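Chain by chain, the residues:
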Amino acid sequence: MRVACLGAGQLGRMLALAGYPLGIELEFYDRSADTPGGQVGPIVTGEFDDIRQLKALARRADVVTFDWENVPVTSLRALKGIAPIYPQPSALAVAQDRVLEKKLFTQLGIPTPGFFAVESEADLLAAIQHIGLPGILKTRRMGYDGKGQYRITKRSDVAAALAVLGGQALIYEGFIRFSREVSLIAVRSKTGELAYYPLSENSHHEGILQSTRAPFKAPSLQRLAERYLRTVLEHFSYVGVLAIEFFVADGRLIANEMAPRVHNSGHWTIEGAVTSQFENHLRAILGWPLGSTKARGHSAMLNFIGTLPERKGLLAQPGVHLHDYGKREARAGRKLGHATIVADSSLARDRALQTLSRQLTPSTRRRARRP
Ligand code: AMP
């Protein structure tokens, strides 16, 4: 079985690694060969609008998928009729535009922050009037890991916000005073079979996911999140893994965004669930039976951002699994790898996560403790 994967980042790499035991080979497509995916599987290089090359790739594949959310939808649509494309380009088109995404949530009865499309200063002033302060101004497209966002707390922030983000389509969202951030990962197979992972609790810093703990046990929120995900999956007759990030505020779930692909908050499932999100994505898009999404214990995942810890010290901690994405260039804010711990209790898991985090940034933490 051959799956063509547009984008060869760490998500693609983990998909390929999950595919090998099942006899699935991923063939990647990206701009450069020296990518996390390209290091573990065959890769074709080219631009994402090179339809001729993309068509040749699709002809060799049983199914086409993607690990990058900004693959041009027009390129995917050009492959129609050559090989099935999952998740569907229609879901990707919505996920690429924060306004379309929030309109869909509203249409499907899923709570989401108040929002207003912004193209000009007049729009932004109207948005503030309508939604109130504080709020967040975000780019409608191409935003990820907190990039392309500006927090507005007072009217006089408008000029500075537009100086940073102006000149492109924007969205103004009401600021949610949340108690937690959680996400739910679901998977729907070509046959219509559905499965949900337990909720994950996520911790962000400057818009980037730092750590995830799962399962986050809150039966009523789990049921609610599953209902919301099912509505979206059925709306698109979706095939593959879908993640939705939620804010928890006053015991309610408020949808922030959806990702039509495997998701960083599901990396713990590699060691912490009976079947990983990566394996289940492949099973789903090939129409194979899904594997159990049950948690094996209490898991924590810690992202390595900007630097990778010293390997020996990390692996000396019992129960730690390291995932190095093979990126040669370390840059601030760049996800280079992650570690997962699976423990028998949530207490043991939280302690192990604390030890791991301390190991990662001992000097920063020492500095931070000084008055
Ligand atoms: P995003 O790129 O939309 O996922 O935003 C990155 C992070 O910024 C989120 O995980 C939140 O921590 C924060 N954030 C984004 N939108 C809002 C909002 N409307 N209210 C409060 N916090 C937000």
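Rules behind the numbers
- Positions within a chain are numbered from 1, following the residues in the order the chain's sequence is written.
- Owing to the predicted nature of the model, reporting of local features is limited to residues with pLDDT of at least 70; listing and counting of side-chain atom pairs is limited to 80 or more, with chain, interface and lining totals taken over all residues.
- The side-chain figures draw on all heavy atoms in the structure; neither hydrogens nor water molecules are used.
- Two rings belonging to Phe, Tyr or Trp (six-membered ring only in the last case) form a pair when the distance between their centres is within 6.5 Å. Interplanar angles under 30 degrees mark stacking, angles over 60 mark edge-to-face geometry, and anything in between is tilted.
- Helix numbering and strand numbering both begin at the N terminus, where a helix is a DSSP run of H or I of at least 4 residues and a strand a DSSP run of E of at least 2.
- Should the NZ of a Lys or the CZ of an Arg lie within 6 Å of a ring centre and within 35 degrees of the ring normal, that charge is described as sitting over the ring.
- Near, as used in this document, describes a residue that has one of its heavy atoms within 4 Å of the molecule or strand being considered.
- N or O atoms within 3.5 Å of each other form a polar contact, as long as, within protein, one can give a hydrogen and the other can take it, and as long as residues adjacent in sequence are counted only when both atoms are side-chain atoms.
- For accessible areas, the Shrake-Rupley method is used with a probe of radius 1.4 Å. Any residue's cover is judged against the shown protein chains and nothing else.
- Residue type decides the class: Asp, Glu, Lys and Arg count as charged, Ala, Val, Leu, Ile, Met, Phe, Trp, Tyr, Cys and Pro as nonpolar, and the leftover types, Gly among them, as polar.
- When accessible area is computed with a 1.4 Å probe and restricted to protein chains, residues below 20% of their type maximum are described as buried, those above 50% as exposed, and intermediate ones as partly exposed.
- For this quantity, the arc is that covered by the directions from the helix axis to the C-beta atoms.
- Here, the term nonpolar core denotes a set of buried Ala, Val, Leu, Ile, Met, Phe, Trp, Tyr and Cys residues that are joined through side-chain atoms within 4.5 Å.
- For the purposes of this description, domain bounds are those given by an automatic or database domain assignment.
- The contact rule is simple, with two residues in contact once any of their heavy atoms fall within 4.5 Å.
- Two strands qualify as a pair provided that DSSP identifies no fewer than 2 bridges between them.
- Think of each axis as a best-fit line through the C-alpha atoms, taken over the contacting stretch in the case of a helix, with angles from 0 to 180 degrees between the N-to-C directions.

### Details of the packing of aromatic side chains
- Within the structure shown, the criterion is met by four aromatic pairs.
- Between Phe48 and Trp68, the aromatic rings sit 5.0 Å apart at their centres with planes inclined by 40°, giving tilted as the arrangement. Of the two residues, Phe48 is situated in the loop between strand E3 (43–45) and helix H2 (51–59) and Trp68 in the loop between strand E4 (63–66) and helix H3 (73–77); the sequence distance between them amounts to 20 residues.
- With centroids separated by 5.0 Å and ring planes inclined at 10°, the aromatic side chains of Phe178 and Phe247 adopt a geometry described as stacked. Of this pair, Phe178 sits in the loop between strand E8 (170–174) and strand E9 (180–188) while Phe247 sits in strand E13 (residues 240–249), and the two are 69 residues apart along the sequence.
- Ring-pair connections join several aromatic residues into one group, and the members of that group are Tyr29, Phe48 and Trp68.
- The ring centre of Phe175 lies 4.0 Å from the NZ or CZ of Arg151, which sits over that ring.

### Structural notes on the site of the ligand
- Surrounding the ligand, one finds 17 residues, the nearest of these being Lys138, Gln149, Ile176, Glu181 and Glu257.
- Separating an oxygen atom of the ligand from a side-chain N or O atom of Arg98 is a distance of 2.9 Å.
- Lys138 places a side-chain nitrogen or oxygen 2.8 Å from an oxygen atom of the ligand.
- Out of a free accessible area of 470 Å², the ligand has 93% covered by protein chains.
- Residues of the shell around the ligand, tallied by class, amount to six nonpolar, six polar and five charged.

### Here we look at H2
- Looking at H2, one finds that the buried residues are Leu54, Leu57 and Ala58. End-on, the buried residues of H2 take up no more than an arc of 100°, which puts them together on one face. Facing away from the buried side of H2, by more than 90 degrees, are the exposed residues Arg52 and Arg59.

### Some remarks on the nonpolar core
- If you look at the biggest cluster of nonpolar residues, it comprises 34 residues, and the most contacted ones within it are Val3, Leu15, Leu26, Phe278, Leu282 and Ile285.
- If you list the elements that add at least two residues to this core, you get strand E1 (2–6), helix H1 (10–19), strand E2 (25–30), E9, strand E12 (208–214), E13 and helix H10 (277–286).
- Structurally, this core is a two-domain feature, drawing no fewer than three residues from each of domain 1 (2–85) and domain 3 (180–366).

### Remarks on the side chain of Lys102
- Checked against the element boundaries, Lys102 lands in helix H5 (residues 98–107).
- Residue contacts for Lys102: discarding those within four places in its chain leaves Thr112, Pro113, Phe115, Ile171, Glu173 and Asn256.

### Focus: the domain arrangement of the chain
- Split by domain assignment, the chain resolves into domain 1 (2–85), domain 2 (114–174) and domain 3 (180–366).
- Between domain 1 and domain 2, the C-alpha centre-to-centre distance is 34 Å.

### What about the sheet that holds E2?
- One open sheet holds the four strands; their spatial order is E3-E2-E1-E4, and the pairing between them is parallel. Strands with a single pairing partner mark the edges of an open sheet, and in this sheet they are E3 and E4. Strand-to-strand, the axes of this sheet are offset by a mean angle of 25°, without reference to chain direction.
- Pairing geometry for E1 and E2, over five bridges, is parallel. Counterpart to Ala4 in the pairing with E2 is Glu27.
- Of the strands in this sheet, E1, E2, E3 and E4 are in contact with H2, which crosses E2 at around 175°.

### As for the sheet that holds E8
- Taken together, the four strands give an open sheet; going across it, the order is E5-E8-E6-E7, and neighbouring strands pair in antiparallel fashion. Edge strands, defined here as strands with exactly one partner in the open sheet, are strand E5 (115–118) and strand E7 (149–152). Taken over all neighbouring pairs, the strand axes of this sheet differ in orientation by 20° on average, direction set aside.
- Relative to E7, strand E6 (residues 135–139) is paired through four bridges, and the arrangement is antiparallel. Opposite Lys138, over in E7, you have Gln149 as the bridge partner.
- Contacting E5, E6, E7 and E8, helix H6 (residues 121–131) crosses the sheet at an angle of about 175° to E5.

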